[in-house]
Amino acid sequence: MSETMQTRRDWLLSERPASRLQARLGRAYLTWRRFTANKLAVIGLLIILALCLVAALADVLAPYSPYIGDLANSRLLFPDANHWLGTDGQGRDILSRLIYGSRLTLQVVVLVAIIAAPIGLLVGTVAGYAGGWVDAVLMRITDIFLAFPKLVLALAFVAALGPGIGNAIIAIAITSWPPYARIARAETLTVRNSDYIAAVQLMGASPTRIVLRHIMPLCVSSLIVRVTLDMAGIILTAAGLGFLGLGAQPPLPEWGAMIAAGRLFILDQWWVAAAPGFAILIVSLGFNLLGDGLRDALDPRGGSQ
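Residues numbered from 1 in each chain as written. Predicted model: local features only at pLDDT ≥ 70, side-chain atom pairs only at ≥ 80, totals over all residues. Heavy atoms only, no water.

**Quick word on unusual backbone geometry**
What counts here: Helix and strand labels come from DSSP, where a helix needs a run of H or I of at least four residues and a strand needs a run of E of at least two; each type is numbered from the N terminus. Per-residue accessibility, obtained with a 1.4 Å probe over protein chains only, is compared with the maximum for each type, and a residue is labelled buried under 20%, exposed over 50%, and partly exposed between these values.
The residue after Pro250, namely Pro251, is reached through a cis peptide bond having omega 10°. Of note, the phi angle at Leu76 is positive, near 55°, even though the residue is not glycine. Note on placement: Leu76 falls in the loop between helix H4 (58-61) and helix H5 (94-130). Its relative accessible area of 14% is what places Leu76 among the buried residues.

This is the structure:
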């Protein structure tokens, strides 16, 4: 078994790969080794995987309904064997609401990333490659968005669109793309005049093909790192909107809305607000640790471990 593993390792680390597949697998293997060398990054990955698992198995893991409570017998109960994290002001099990709320959290971060990252990547690469007035116009628009605090701008968009989890996702995505555009533009400016791009131009490739097929892929690794690091901020922004009543609406078990409901009992029944707050803390920490690990692993100057 050990000889087989050593043979596979040597095949992956070959300095002269026989195919593109072997070269790609070798790069992926080196990236994974650099990533796993960072123990904190592995902890962050485990936290995120646990979040995904909990969200996928919410129907199985949740001991009670996240929407139906017992006002007569289960209101504001202290954590015990029946309700591990206690109950809220409506007699609903907090643990069950946290478990189902993980689905909303994943929904927000995934949809925001899917919407904001491609917009920022497209704007940044087009601005960096085209230059001139196109670059000036696109970057001034980006500067306008960057001039406002993200939460304040999101509040303005949600106020215009109306409260709701869908509108909150759109508002957060609209305010999240400018940093990605800045990163993509900086990456594009470093490779725009390279011999690699000049060779592609001499082969007759159009500007659209150059941007889409040759420049954008070079910006993806930096964008992945920034998106991962921004996940914590996205979660906090979504929680802030929920806390203010502009995000997910009752009775959805959104963590920010749960904190808002728990603030009424913060002095005597502290666990009502503390449980969702701790969940936000752990998940945000997991994304930050994962982002730090990806930044080191995807850095081409990091070398092999």
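**Digging into the confidence of the model for the protein chain**
Keep this limit in mind: You can read pLDDT as the predictor saying how much it trusts each residue, on a scale of 0 to 100.
When the pLDDT values of the protein chain are averaged, the result is 89; 96% of them are 70 or greater. Mean pLDDT in the protein chain bottoms out at helix H1 (residues 2-12), which sits at 69, and peaks at helix H3 (residues 39-56), which reaches 96.

**A closer look at the environment of Arg263**
Rule in force here: Two residues qualify as a contact provided that any one of their heavy atoms is within 4.5 Å of a heavy atom in the partner residue. The term polar contact refers here to a pair of N or O atoms within 3.5 Å; inside protein, the definition further demands a hydrogen-donor-capable atom paired with an acceptor-capable atom, and it admits residues adjacent in sequence only when both atoms are side-chain atoms.
Inspection of the secondary structure assignment puts Arg263 in the loop between helix H11 (255-262) and helix H12 (271-297). Sequence separation between Arg263 and Ala184 is 79 residues; the distance between their C-alpha atoms is 41 Å. Residues within four places of Arg263 in sequence aside, it is in contact with Phe243 and Ala273. Engagement of the side chain of Arg263 in a polar contact is seen with the backbone oxygen of Ala260, the distance being 2.6 Å.

**Structural notes on the packing of aromatic side chains**
The cut-off we apply is this: Each pair of aromatic rings taken from Phe, Tyr and Trp, with Trp reduced to its six-membered ring, is defined by centres within 6.5 Å and is described as stacked if the planes are under 30 degrees apart, edge-to-face if over 60, and tilted in the remaining cases. A ring has a charge above it when a Lys NZ or an Arg CZ is no more than 6 Å from the ring centre and no more than 35 degrees off the ring normal.
All chains considered together, the criterion is met by five aromatic pairs. Grouping aromatic residues by their ring pairs yields a cluster made of Phe78, Trp270 and Trp271. Sitting above the plane of the Phe243 ring, Arg263 keeps its charged end 5.6 Å from the centroid.

**Concerning the pattern of salt bridges**
The following threshold applies: Just to be clear on terms, a salt bridge is a Lys or Arg side-chain nitrogen sitting within 4 Å of an Asp or Glu carboxyl oxygen.
Per the stated rule, a full pass over the model turns up nine salt bridges. Notably, a salt bridge pairs Asp88 with Arg97, separated by 3.8 Å at the nearest N-O pair. In this pair, the class of Asp88 matches that of Arg97, namely buried. The residue Arg295 makes a salt bridge to Asp296 at a minimum N-O spacing of 4.0 Å. Residue Arg295 is classed as partly exposed on the basis of its relative accessible area of 44%. Sharing partners across several salt bridges, the network here consists of Asp88, Arg92 and Arg97.

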